[in-house]
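# Structure assessment
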There are 2 protein chains.
Amino acid sequence: MRDQKEKLDERTYQMDFDMLKLALLNDEMDKFREEFLELHPYDQATFFKELDEEIRAKVYHYLSPEEMASLFENLEIEEDEYRDVLAEMTPDYAADMLSNMYADDAVDVLNELDKDQVASYLTIMDDEAAQEIKDLLHYEEYTAGSIMTTEFIAISKNQTVRSAMTILRNEAPRAETIYYIYVVDEDRCLAGVISLRDLIVSDDDTFISDIMNDRVVSVSVSEDQEEVAKKIRDYNFLAVPVVDFQDHLLGIITVDDIVDVMDEEASDDYSKLAGVSDMDTIDRSPMSNARKRLPWLIILLFLGMMTASLIGKFEETLNKVAILATFIPLIAGMAGNTGTQALAVAVRGIATGDLQKESKLKLIIREAGTGFITGTTCGILVMFIVFFWQHDFFLGLLVGVSIFSTLIVATLAGSFIPLLMHRFNIDPAVASGPFITTINDIISILIYFGMATMFMNYLSP
Amino acid sequence: MRDQKEKLDERTYQMDFDMLKLALLNDEMDKFREEFLELHPYDQATFFKELDEEIRAKVYHYLSPEEMASLFENLEIEEDEYRDVLAEMTPDYAADMLSNMYADDAVDVLNELDKDQVASYLTIMDDEAAQEIKDLLHYEEYTAGSIMTTEFIAISKNQTVRSAMTILRNEAPRAETIYYIYVVDEDRCLAGVISLRDLIVSDDDTFISDIMNDRVVSVSVSEDQEEVAKKIRDYNFLAVPVVDFQDHLLGIITVDDIVDVMDEEASDDYSKLAGVSDMDTIDRSPMSNARKRLPWLIILLFLGMMTASLIGKFEETLNKVAILATFIPLIAGMAGNTGTQALAVAVRGIATGDLQKESKLKLIIREAGTGFITGTTCGILVMFIVFFWQHDFFLGLLVGVSIFSTLIVATLAGSFIPLLMHRFNIDPAVASGPFITTINDIISILIYFGMATMFMNYLSP
């Protein structure tokens, strides 16, 4: 729902953008800089994305590498586009810009490039920035280390509020956040934390050790980024310190990075439930789209062939009572749906940590109960419908009982399989919807045709 | 992956908790308070949740309503449990606690109670807090208004940095964030924003108007909470101001609330894809579990019945060529899977806003292309498999061509339906996986049996 205000906001933006473009076209550098640097870096990036290569060259000319850095931190483009944009700049400009970015953002960009390119940028860069970035490049993907930044403010506990504020004012331009200040001992081990909020309401001569909080919640550098997100969410932090196993302070992770992580993880779980391997970006071509979907489709095709050969085994039964075929999609569909429901609850429960608090056995028992209730309801319903529709009591009974048992088994499978995978340290979200659906297809057809074959004498041909 | 540090952290927590419990049991109020008030409110809430009612009564006795308020803000319990916990307190204590909570958190709690209860608490509460809460209770769910808080810091632009810092120090204990200070004009319209970061690096005598940013990004009070989340994410804000259509500053929304919103929305989209109506909380009973899943299952049961009656129409074909039944689950399954993939991409694209940037027509054309590629690949593959397995060229051709056309149509349906719903302002996530699956079941069976009936003469019985 877009209201008046939103429409107005948008029109203002468009006018600003038009003016900026005109300034670029007319080579009015001063006018461009004046207007452009007023914009929030995210808006700068949005404007920049709309330009074509030729005009971008002017932007690199008009802006310093430092000014470009804050735009680049907010640039959201396809992973492989970073290379192209960097190639538009001179190597010196690009390296200078990268060293002016927050280290974690620079690492994100460099991770998209070839090793050779990374090495050559690091060589031109100033040594300090290059070292910081090199250190961060080592950490494994999806760990706290891979998303932390090294631009934090640390002080010693013997300082007073006054001296802490002086440090803070000096370091403010470079630190990613100045709202939490971390206190370290002589070995650079994390000893406490103090917020700027506490700092500014305290007397200037107070010692930091008297007002700091020495029960600091921190994360380990090897911890999964999802766990980090959980901590920041639960504690409502703006940042969390990252330490090694000896409690040395290595970096911090800020809440804005966590917001991105959460988006990523949610997309990831979602796409796996749908059986698409990667949905981070909307693709520009049908070919790359197809490449992401085909792996699943082909696996499922072979699984589907198994289902087909399974039904083939019951050809004799089918030949005698062709009407049986009518209910195959219904029964298989119900099994697939109920399995996906159970799967989703289990996967989400594991992801949010809600499930850790109670025993797996309890979940399985509860799911069995759920399957029993849904099975009974749907089974009885189906029995009546089939009976009134086909006027065949035994057929109704057969379909009803099949639905009943299928729903129980499928619900159990949907919750048991992700739990089992979690147990063996496999991401349970990999057991995607289509996979569970196909497993449950097979189970349901076995139940349905198994019973039909057993009680064939009761069925009218 | 849990490492050494995490295990150690956990053990420390358990020891703290045990000690606190002991202090409660031995009626050692001072010891309890000393230790307890050292904990982060989230840990206080975690500890509190583990206690039974009797011991909780002591906690209410030992802690002031104000101290209890910060615990309560961090308490994450089932929605219907809030009522029970509040009932354990005296009405005066509860009302006093509620008025000490941040208004947005108090509103969240009150929204779970009956109207009578809310009214009675509001009557006992001090007038100012009651008025703030009453104002917030009016806003529609899922809008910016419903999640904003009124505890922000606003100053006028004629002030100096020095006087602004004085206001800040005074208001710090009550404001939800002191890191952004909003500047308003004489009509309380939003005129600018300044961060505490800018404030502390500026000279004391500088006028606010000289250093404030007058291009404030704000949200409208009626804006959807998902839009608010998008803005905070894109701009990396710690908070965003909420205004009415005349730009009056009404409140702020902080990033920690947005983190919760994102979690909620992600769960919501995920559960809809799986066909579960609400997955916010893990349920304690199979019955409430079943209640959430049955609505979808029953709708799908009726849709499945339609599929069944559709196949029934082809009974004659089936009677002649029973082998046709074998491939029903394969074809229907492939249609369902590919439709879910296309649906997921479209829903996620709409949710993240990536899709707004390009035309719907382009998406449809791209999806058609994708369907063509996946259809051709899977179709040819299936044709060969069926041919070598059943030694029946025409059967192979029939199944292959069915898969080919089904995949194209199903991919289109999967992307077209959510776009259509979005167009008519229906949340496209409602077109859940099971729904698309069933639609595509029907389409695929029509194609398959339609062709089989047309070319029956070529098939061996």
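Since the structure is predicted, the reported quantities are computational estimates derived from the model, not experimental observations. Throughout, a residue's number is its position along its own chain's written sequence, starting from 1. Labels are handed out in written order, letters beginning with A for the chains and numbers beginning with 1 for the ligands. Totals for whole chains, interfaces and linings use all residues, but because this is a predicted model, local features are given only for residues with pLDDT of at least 70 and pairs of side-chain atoms are given and counted only at 80 or more. In computing side-chain values, all of the structure's heavy atoms are included and hydrogens and water are not.

### Quick notes on the interface of chain A and chain B
Residue contacts follow a heavy-atom distance rule, with two residues in contact if any of their heavy atoms lie within 4.5 Å. If you look at the interface, chain A gives 127 residues, while chain B gives 125 residues. Take the accessible area each of two parts loses on contact, using a 1.4 Å probe, and add the two losses: that sum is the buried area. Summed over both sides, the interface of chain A with chain B buries roughly 11300 Å², with 65% coming from carbon and sulfur. Whenever a carboxyl oxygen of Asp or Glu lies within 4 Å of a side-chain nitrogen of Lys or Arg, that contact is scored as a salt bridge. If you look at where chain A meets chain B, you find 5 salt bridges. Among the ionic pairs, Arg-233 of chain A bridges to Asp-263 of chain B, the shortest N-O distance being 2.5 Å. Here a polar contact means two N or O atoms within 3.5 Å. Within protein one must be a hydrogen donor candidate and the other an acceptor candidate, and residues neighboring in sequence count only if both atoms are side-chain atoms. On the surface where chain A and chain B come into contact, there are 22 residue pairs in polar contact (both at pLDDT 80 or more). For the side of chain A that touches chain B, the leading source of residues is helix H17 (residues 286-313) of chain A, giving 19 residues. Ten residues, namely Ala, Val, Leu, Ile, Met, Phe, Trp, Tyr, Cys and Pro, are considered nonpolar, four, namely Asp, Glu, Lys and Arg, are considered charged, and the remaining ones, Gly among them, are considered polar. Within the side of chain A that touches chain B, the residues separate by chemical class into 67 nonpolar, 28 polar and 32 charged. Strands here mean DSSP runs of E at least two residues long; helices mean DSSP runs of H or I at least four residues long; both are numbered from the N terminus.

### Thoughts on the sheet that holds strand S2 (residues 180-184) of chain A
All names here are of chain A. Ordered by their spatial adjacency, 3 strands build an open sheet running S1-S2-S3, and the pairing between neighbours is mixed. Pairing within the sheet leaves two strands with one partner each, and these edge strands are strand S1 (154-156) and strand S3 (190-195). Each adjacent strand pair in this sheet contributes to an overall mean axis angle of 35 degrees, direction not counted. The sheet contact formed by S2 and S3 spans 5 bridges and is antiparallel. Bridge assignment links Ile-181 to a residue of S3, and that residue is Ile-194. The rule for pairing is simple: two strands pair if DSSP sees at least two bridges between them. Lines fitted to C-alpha atoms define the axes, with helix axes restricted to the stretch in contact, and inter-axis angles between N-to-C directions lie between 0 and 180 degrees.

### Digging into the UniProt feature "transmembrane region" (unreviewed entry) in chain A
UniProt records the feature "transmembrane region" (unreviewed entry) for residues 294-311, 323-347, 368-389 and 395-421 of chain A in the present numbering. Across residues 294-311 of chain A, the secondary structure splits into 100% helix and 0% strand, with the terminal C-alpha atoms separated by 25 Å. UniProt positions are given in the numbering used here, feature names are shortened, and annotations may be inferred rather than shown by experiment.

### What about the relation of the copies chain A and chain B?
Least squares is the method used to superpose the copies, on C-alpha atoms of residues holding a pLDDT of at least 70 in both. Superposing chain A onto chain B takes a rotation of 180 degrees plus a shift of 0.0 Å along the axis, which leaves an RMSD of 0.2 Å. Such a combination of rotation and displacement between the chain copies is what one expects of a two-fold axis. Most of the interface of chain A is mirrored in chain B, where 98% of its interface residues are also at the interface.

### Quick word on the packing of aromatic side chains
Stacked, tilted and edge-to-face pairs are distinguished by plane angle, under 30 degrees for stacked and over 60 for edge-to-face with tilted covering the rest, among Phe, Tyr and Trp rings (Trp via its six-membered ring) whose centres lie within 6.5 Å. Enumeration over the complete set of coordinates arrives at 39 aromatic pairs over all chains. Taking the centre distance of 4.8 Å and the plane angle of 70 degrees together, the rings of Tyr-235 of chain A and Tyr-42 of chain B count as edge-to-face. On the criterion of chain membership, the pair formed by Tyr-235 of chain A in helix H15 (residues 225-235) and Tyr-42 of chain B in helix H3 (residues 41-50) is interchain, its members lying in two chains. Note on geometry: a ring has a charge over it if NZ (lysine) or CZ (arginine) is within 6 Å of the ring centre and within 35 degrees of the ring normal. The aromatic ring of Phe-48 of chain A is capped on one face by Arg-56 of chain A, whose charged end is 4.7 Å from the ring centroid.

### What to know about the nonpolar core
In these notes, a set of buried Ala, Val, Leu, Ile, Met, Phe, Trp, Tyr and Cys residues joined through side-chain atoms within 4.5 Å is what counts as a nonpolar core. Throughout this description, buried means an accessible area under 20% of the type-specific maximum (1.4 Å probe, protein chains only), exposed means over 50%, and partly exposed covers the range between. Judged by nonpolar contacts, the single largest core of 191 residues is most densely connected at Phe-72 and Leu-196 of chain A together with Met-68, Phe-72 and Leu-196 of chain B. If we ignore the near neighbours within four places in the chain, the residues touching Met-68 of chain B are Phe-48, Val-59, Tyr-60, Leu-63, Met-89, Tyr-93 and Met-97 of chain B.

### Some points on the domain arrangement of chain A
Assigned domains of chain A: these are domain 1 (4-138), domain 2 (154-254) and domain 3 (286-458). As used throughout, domain bounds are those supplied by an automatic or database domain assignment. Once you take the C-alpha centre of each, domain 1 of chain A and domain 3 of chain A turn out to be 51 Å apart.

### So, the pattern of salt bridges
Taken as a whole, this structure holds 29 salt bridges over all chains when the rule is applied. Of the charged contacts, one joins Asp-204 of chain B and Arg-162 of chain B as a salt bridge, the two residues approaching to 3.9 Å between their closest N and O atoms. Of this pair, Asp-204 of chain B sits in the loop between helix H13 (196-200) and helix H14 (208-211) while Arg-162 of chain B sits in helix H12 (residues 161-171), and the two are 42 residues apart along the sequence. The partly exposed category is assigned to Asp-204 of chain B, whose relative accessible area is 36%. Taken together, the shared-partner salt bridges connect Arg-162, Asp-204 and Asp-205 of chain A into one network.

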